[in-house]
Amino acid sequence: VLCANVPEMMLAGHPEIRKACRENDLGIVWCPQSFFNFKRFGPEKKLANAEAVAAYFESTTRTASSPTTVINAAGISRPGYFLELPADAFTQAMAVNYFGTVNILRHAVPTMLANRSGAILNIGSVGSLIGVFGMAPYCGSKFAVRGLTEALRSELAPQGIRVCLLCPPDTD
């Protein structure tokens, strides 16, 4: 089961995921765009809300199997000079990029542990590796995702769960 918020874009751009899902008889459960409701209010209202994520996982796993593979691709950024950015730029970046990842994993990992298998791919950024000028909120939150990923990799590997971090450059 793969968790992502825009399945069409992911599947269209990544035929190997489609192939692997078919070959391994993997079901796919998507976190639909409506879950995040970007137009009504910011994504931090859902991803950073542990209860909302719990309710989503509960409703999803009633109609589909529990996740065996999770791809955490949440990411928002608000570029600007450190002292010119409002404090909420930092809060929102941490809420979506870091705590959104944490909240998803807190509900996916128990099933993986019970099955003694699973795979987690957290999407970081080059900003997870180096501080990028004008991107302090984003880099800080993605550094946190990197630290979480490294900690979980060593904690979950003995349980048969693979944890990886992908650090792409700028994306559109």
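These numbers come from a predicted model, not from an experiment.

**Considering the overall build of the chain**
- Of the regular secondary structure elements, the chain holds seven helices and three strands.
- In sequence order, the secondary structure elements of the chain are arranged as α-α-α-α-α-β-α-β-α-β.
- The buried share of the chain, reckoned over its 172 residues, is 38%.
- If you take every contact in the chain between residues at least 6 apart in sequence, the share linking residues at least 24 apart comes to 68%.
- About 9700 Å² of surface is accessible on the chain, with carbon and sulfur atoms providing 57% of the total.

**Thoughts on the environment of threonine 69**
- Mapped onto the fold, threonine 69 is located in strand E1 (residues 69–72).
- The spatial distance from the C-alpha of threonine 69 to the C-alpha of leucine 121 is 7.9 Å, given a sequence separation of 52 residues.

**Side note on helix H6 (residues 87–115)**
- Helix length check: H6 (29 residues) gives 41 Å between terminal C-alpha atoms against 42 Å at 1.5 Å per residue, within 8%.
- Within H6, the axis deviates most sharply at phenylalanine 99, by approximately 40°.
- Looking one or two residues beyond H6, the residue adopting positive phi is arginine 116, at roughly 55°.

**Topic: the confidence of the model for the chain**
- Predicted confidence across the chain gives a mean pLDDT of 78, with 69% of residues reaching 70 or more.
- Averaged pLDDT values for the elements of the chain fall to 44 in helix H3 (residues 33–36) and rise to 96 in helix H7 (residues 136–156).
- Under a pLDDT of 50 for its full length, residues 1–6 has, in the predicted model, 33 contacts with residues more than four places off or in other chains.
- The low-confidence segment residues 32–43 (pLDDT under 50) makes 22 contacts with residues lying over four places distant or belonging to another chain.

**A closer look at a nonpolar patch on the surface**
- Together, Val126, Leu129, Ile130 and Val132 make up a nonpolar patch on the protein surface, roughly 290 Å² of accessible area in all.
- Within the secondary structure layout, leucine 129 lies in the loop between strand E2 (118–123) and H7.

**So, the pairing of E1**
- Note that E1 and E2 share four bridges and pair parallel. Within E2, the position partnered with threonine 69 by the bridge is alanine 119.

**Some points on the sheet that holds E2**
- What the three strands build is an open sheet, ordered E1-E2-E3; its pairing is parallel. Of all strands in the sheet, those bounded by a partner on one side alone are E1 and strand E3 (161–166). Sheet twist, expressed as the mean angle between neighbouring strand axes with direction ignored, is 10°.
- Across six bridges, E2 lies against E3 in parallel orientation. In the strand pairing of E3, isoleucine 123 is matched with leucine 166.
- Each of E1, E2 and E3 touches H6; the most contacted strand, E1, lies at about 170° to it.
- The sheet strands contacting H7 are E2 and E3, and the helix crosses E3 at an angle near 155°.

Each value, and the rule that gives it
Residues numbered from 1 in each chain as written. Predicted model: local features only at pLDDT ≥ 70, side-chain atom pairs only at ≥ 80, totals over all residues. Heavy atoms only, no water. Helix = DSSP H or I, 4+ residues; strand = E, 2+ residues; numbered from the N terminus. Buried < 20%, exposed > 50% of the residue type's maximum accessible area, 1.4 Å probe, protein only. Contact = heavy atoms within 4.5 Å. Areas by Shrake-Rupley, 256 points an atom, 1.4 Å probe, with all protein chains shown as cover. Expected span 1.5 Å × (residues − 1). Bend = angle between axes of the 7 residues up to and from the residue. pLDDT = per-residue confidence, 0-100. Patch = residues over 30% accessible without salt bridge, like charges linked within 9 Å, V, L, I, M, F, W, Y side chains within 5 Å. Salt bridge = Lys/Arg side-chain N within 4 Å of Asp/Glu carboxyl O. Pairing = 2+ DSSP bridges. Axes fitted to C-alpha atoms, helices over the stretch in contact; angles between N-to-C directions.

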